[in-house]
Amino acid sequence: AQSVAQPEDQVNVAEGNPLTVKCTYSVSGNPYLFWYVQYPNRGLQFLLKYITGDNLVKGSYGFEAEFNKSQTSFHLKKPSALVSDSALYFCAALTGTASKLTFGTGTRLQVTL
Amino acid sequence: DAGVIQSPRHEVTEMGQEVTLRCKPISGHDYLFWYRQTMMRGLELLIYFNNNVPIDDSGMPEDRFSAKMPNASFSTLKIQPSEPRDSAVYFCASSFGEEAPLHFGNGTRLTVT
C-alpha cells in the first residue's frame, strides 16, 4: 500500500531564511510525487511534481524539491522564505498502478518577520 | 478558465436532512475527484470518475453517501441522511490525464447540527 509521511506538523522559519518541509514516501513501483499548498479557506494548489529525470524539480513561487530515491524522500525547499509563504503544505504520491493520489497529513509552515 | 467551481461554499443543515454538493470541473478534464478534509483524518479520497464513469468509490464512508457524474461538466455528492460526523470541508478536483496535477475547487464547508 502507498503511504506518504510528513514528520513535522509545523515548521517555523524567519523571513529571509531557507526553509525545508520534509516528506518521505513508500510506494511500489516508480513514484510520481507532488507538492501542493493550501491557503486558508481555499482548495489545494499545485506547486510542483516529479515524474522522472532530474532529481531537483523547480516549481511555482520559487519552491523546489529534491527527489532522493535511496532515502525515499521528496523534501520541499526554498532558499529565502517569505511571510506570504505561510500556509499548509501537502506532499502526495501516485504510482502507475493507480490513478489516485495518496496525501500526507500536511505541514503547517509559519514564516515570521 | 474559471477553475473548478463548487457550490454551495457553506452548508448548514440539521441531522437527518439530505445534502447535495455540486461541482463543475475544468472544461476538457477527464478525471474528477471528491475529497473530504477534517482535522482528525486529513484529506480523504471519497470517489473518483474517469470520463464520467465511477472508477473507485472505496473511500465512500457509508451507503448514505452517493456521487454521480451525469455529464462531463457536472458532478454531485449527496449525503442522505446527514449526520453530525459528516461535518467537514468537501473538495472537488479535476485533472487532464492520470498523472496530471489536480485542480481543486475552493470547497464546501458542511456543518451538520
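Residues numbered from 1 in each chain as written. Chains lettered and ligands numbered in written order. Predicted model: local features only at pLDDT ≥ 70, side-chain atom pairs only at ≥ 80, totals over all residues. Heavy atoms only, no water.

Trainee: Please clarify how the packing of aromatic side chains should be interpreted in this entry.
Mentor: Under the defined criterion, the tally for this structure stands at 18 aromatic pairs over all chains. Between A:F63 and A:Y89, the ring centres sit 5.5 Å apart and the planes meet at 45°, which makes this aromatic pair tilted. In this pair, A:F63 sits in the loop between β7 (56-58) and β8 (64-68) while A:Y89 sits in strand β10 (residues 87-95), placing the two residues 26 residues apart along the sequence. Residue A:F63 shares its accessibility class with A:Y89, and that shared class is buried. Between A:F103 and B:Y35, the aromatic rings sit 5.5 Å apart at their centres with planes inclined by 85°, giving edge-to-face as the arrangement. (Phe/Tyr/Trp six-rings, centres within 6.5 Å; stacked < 30°, edge-to-face > 60°. Helix = DSSP H or I, 4+ residues; strand = E, 2+ residues; numbered from the N terminus. Buried < 20%, exposed > 50% of the residue type's maximum accessible area, 1.4 Å probe, protein only.)

Trainee: How should I be thinking about the pattern of salt bridges in this particular structure?
Mentor: All names here are of chain B. Going through the model one piece at a time under the given rule, you end up with 11 salt bridges over all chains. A salt bridge links K78 to E18, with the nearest nitrogen and oxygen atoms 3.9 Å apart. One end of the pair, K78, is in strand β8 (residues 74-79); the other, E18, is in the loop between β2 (10-13) and β3 (19-24), with 60 residues separating them in the sequence. Exposure remark for K78: the relative accessible area of 30% places this residue in the partly exposed category. One salt-bridge network, held together by shared partners, links E62, R64, E83, R85 and D86. (Salt bridge = Lys/Arg side-chain N within 4 Å of Asp/Glu carboxyl O.)

Trainee: How should the state of the cysteines be read in this particular structure?
Mentor: One covalent bond between the sulfur atoms of two cysteine residues makes up a disulfide. All names here are of chain B. Going through the model one piece at a time under the given rule, you end up with 2 disulfides over all chains. Between the sulfur of C23 and that of C92 lies a disulfide, 1.9 Å long from S to S. Where C23 bonds to C92 through sulfur, the torsion about that S-S bond is close to -65°, and the disulfide is left-handed. A residue pair is termed long-range when its members are at least 10 positions apart, and C23 in strand β3 and C92 in strand β9 (residues 88-95) qualify at 69 residues. (Disulfide = S-S within 2.5 Å.)

Trainee: How do you make sense of the sheet that holds β8(B) when you look at a structure like this?
Mentor: What holds strands together in a sheet is hydrogen bonding between their backbones, with the strands either parallel or antiparallel. All names here are of chain B. Spatially, 4 strands are ordered β1-β3-β8-β7 in an open sheet, and the strand pairing comes out antiparallel. Here the strands that pair on one side only, and so sit at the sheet edges, are β1 (5-7) and β7 (65-71). Strand-to-strand twist across the sheet, computed as the mean angle between neighbouring axes with direction ignored, equals 15°. (Pairing = 2+ DSSP bridges. Axes fitted to C-alpha atoms, helices over the stretch in contact; angles between N-to-C directions.)

Trainee: Would you take a moment to explain the nonpolar core for this structure?
Mentor: Residue and element names in this part refer to chain A. Counting residues in each nonpolar core, the largest one holds 27 residues, and the members touching the most others are W35, L47, L48, F74, L76 and Y89. Among the secondary structure elements, those contributing two or more residues to this core are β2 (10-14), β3 (19-21), β5 (31-38), β6 (44-50), β8, β9 (73-78), β10 and β12 (107-112). For this core, the leading source of residues is β10, giving 4 residues. Apart from residues lying up to four places away in sequence, F74 is in contact with C23, L33, F34, W35, L48, K49, Y50, A65, E66, F67 and C91. (Core = buried A, V, L, I, M, F, W, Y, C linked by side-chain atoms within 4.5 Å. Contact = heavy atoms within 4.5 Å.)

Trainee: Help me out: how do you make sense of the pairing of strand β11 (residues 108-112) of chain B in this one?
Mentor: Across a regular strand the side chains alternate sides, sitting on one face of the sheet and then on the other. All names here are of chain B. A one-sided burial pattern is seen for β11, the buried positions being T108, L110 and V112 and the unburied ones R109 and T111. Looking at chain direction, β2 and β11 are connected through 4 bridges and run parallel. The residue of β11 that forms the bridge with E11 is L110. Bridge count for β9 against β11 is 3 bridges, and the pairing is antiparallel. Within the sheet, the bridge partner assigned to Y90 lies in β11 and is T108.

Trainee: Honestly, the pairing of β3(B) in this entry has me stumped. Any pointers?
Mentor: Here β1(B) pairs with β3(B) via 3 bridges, running antiparallel. Residue B:I5 lies in a different strand from β3(B), and its bridge partner there is B:K24.

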